[in-house]
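Fold and geometry: a report
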Amino acid sequence: MNLIVAVDKDWGIGRDNGLLASVPGDMAYFKEKTMGHVVVFGRKTLESFPHQRGLPKRTNIVLTTNPDFEAERCEIAHSEEELAEMLAPYDSDDIFIIGGESIYKRFYERCDKLYVTKLDGAFGADRFMVNLDEDDRFEVTWESEPQEDHGIQYRFCLYERKKDR
C-alpha cells in the first residue's frame, strides 16, 4: 500500500479542513501518482474536495463510521474490516492513502511507499502527519531537485519501509 501527502517543515498537512498552500506542481504530482488507482480517505477529506465528490478516474473509497453517508463517485467503508474486504481484489501497489490526519495515522505503518512533498516553511497547520524522519522503520530512498511554485519551495521525497536484514 502507498501513501501520498504534502507536509510543511512541522509535518503539518492542513488547516481549517483545507490544504496548507496551493502548489500546482504538487497537485500535478498527486494526480500523476494516483490516476487510475484506488484512493482511500476519510469523510472530512472528501468534504474538502470540489463539489464534495470523489476524484475522477480513480476508485474512491471513503472510510467513515456514519452508516448513512453517501457521496458521488465513492464507495463507502464503515470499518477497517469492511475496507480490507473492499481492497482485497486490488494489488497493494494500486492503493493510495490520501488523508486526512486520522486516516494517515491509522494506515501509514501498513504502507511500503510513502510519497511526501515537503514544503519549505511552516504554514500554521492544525492537522499533522507523523514525522517519518523520526520513524526508523522508514527511510528516504529518493528525493527530487528543489522545485518552486508561487514563491513556495518544495521537493518530492519517497520514503520506503526498510527491508528486514
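No experiment lies behind these values; they were computed from the predicted model shown.

1. Thoughts on the layout of surface pockets
The space that makes up the largest pocket amounts to roughly 1,100 Å³. Forming the boundary of the largest pocket are 44 residues, of which T45, S48, I98, G99 and G100 lie nearest the centre. With five residues, helix α4 (residues 101-107) is the largest single contributor of residues to the lining of the largest pocket. Looking at side-chain class alone, the lining of the largest pocket contains 18 nonpolar, 15 polar and eleven charged residues.

2. Observations concerning the environment of D112
With respect to the helices, strands and loops of the structure, D112 is situated in the loop between α4 and β8 (113-119). In this structure the C-alpha to C-alpha distance between D112 and L158, which are 46 residues apart in sequence, comes to 10 Å.

3. Section: the pattern of salt bridges
This structure, assessed with the given rule, holds eleven salt bridges. Its salt-bridge partner being R127, residue E101 comes within 4.0 Å of it at the nearest N-O pair. Of this pair, E101 sits in helix α4 while R127 is found in strand β9 (residues 127-128), placing the two residues 26 residues apart along the sequence. Since its relative accessible area comes to 22%, E101 is described here as partly exposed. With relative accessibility at 36%, the residue R127 sits in the partly exposed group. Measuring nitrogen to oxygen at the nearest pair gives 3.0 Å for the salt bridge that ties E109 to R137. With E109 in the loop between α4 and β8 and R137 in the loop between β9 and β10 (138-143), the pair connects residues that are 28 residues apart, well separated along the chain. A relative accessible area of 34% means that R137 is categorised as partly exposed. By sharing partners, the salt bridges in this structure join E80, R106 and R110 into a single network.

Parameters at a glance
In every chain, residue numbers begin from 1 and rise along the written sequence. The predicted origin of the model limits local features to residues at a pLDDT of at least 70 and limits the giving and counting of side-chain atom pairs to 80 or more, whereas totals for whole chains, interfaces and linings rest on all residues. Side-chain figures throughout are based on the complete set of non-hydrogen atoms in the structure, without hydrogens or water. Two kinds of site are reported from a 1 Å grid over the protein atoms alone, namely cavities, where a 1.4 Å probe fits but cannot get out, and pockets, open sets with protein on both sides within 12 Å along at least five of seven lines, and residues are called lining when an atom falls within 4 Å of a point. Grid points are joined across faces, edges and corners, and a volume is the space filled by probe spheres set on the points. Put simply, DSSP marks the helices as runs of H or I at least four residues long and the strands as runs of E at least two long, and each gets a number from the N terminus on. Ten residue types, Ala, Val, Leu, Ile, Met, Phe, Trp, Tyr, Cys and Pro, are classed as nonpolar, four, Asp, Glu, Lys and Arg, as charged, and the remainder, Gly among them, as polar. Counted as salt bridges are all cases of a side-chain nitrogen of Lys or Arg within 4 Å of a carboxyl oxygen of Asp or Glu. With a 1.4 Å probe rolled over the protein chains alone, any residue whose accessible area is under 20% of its type maximum counts as buried; one over 50% counts as exposed, and the rest are partly exposed.

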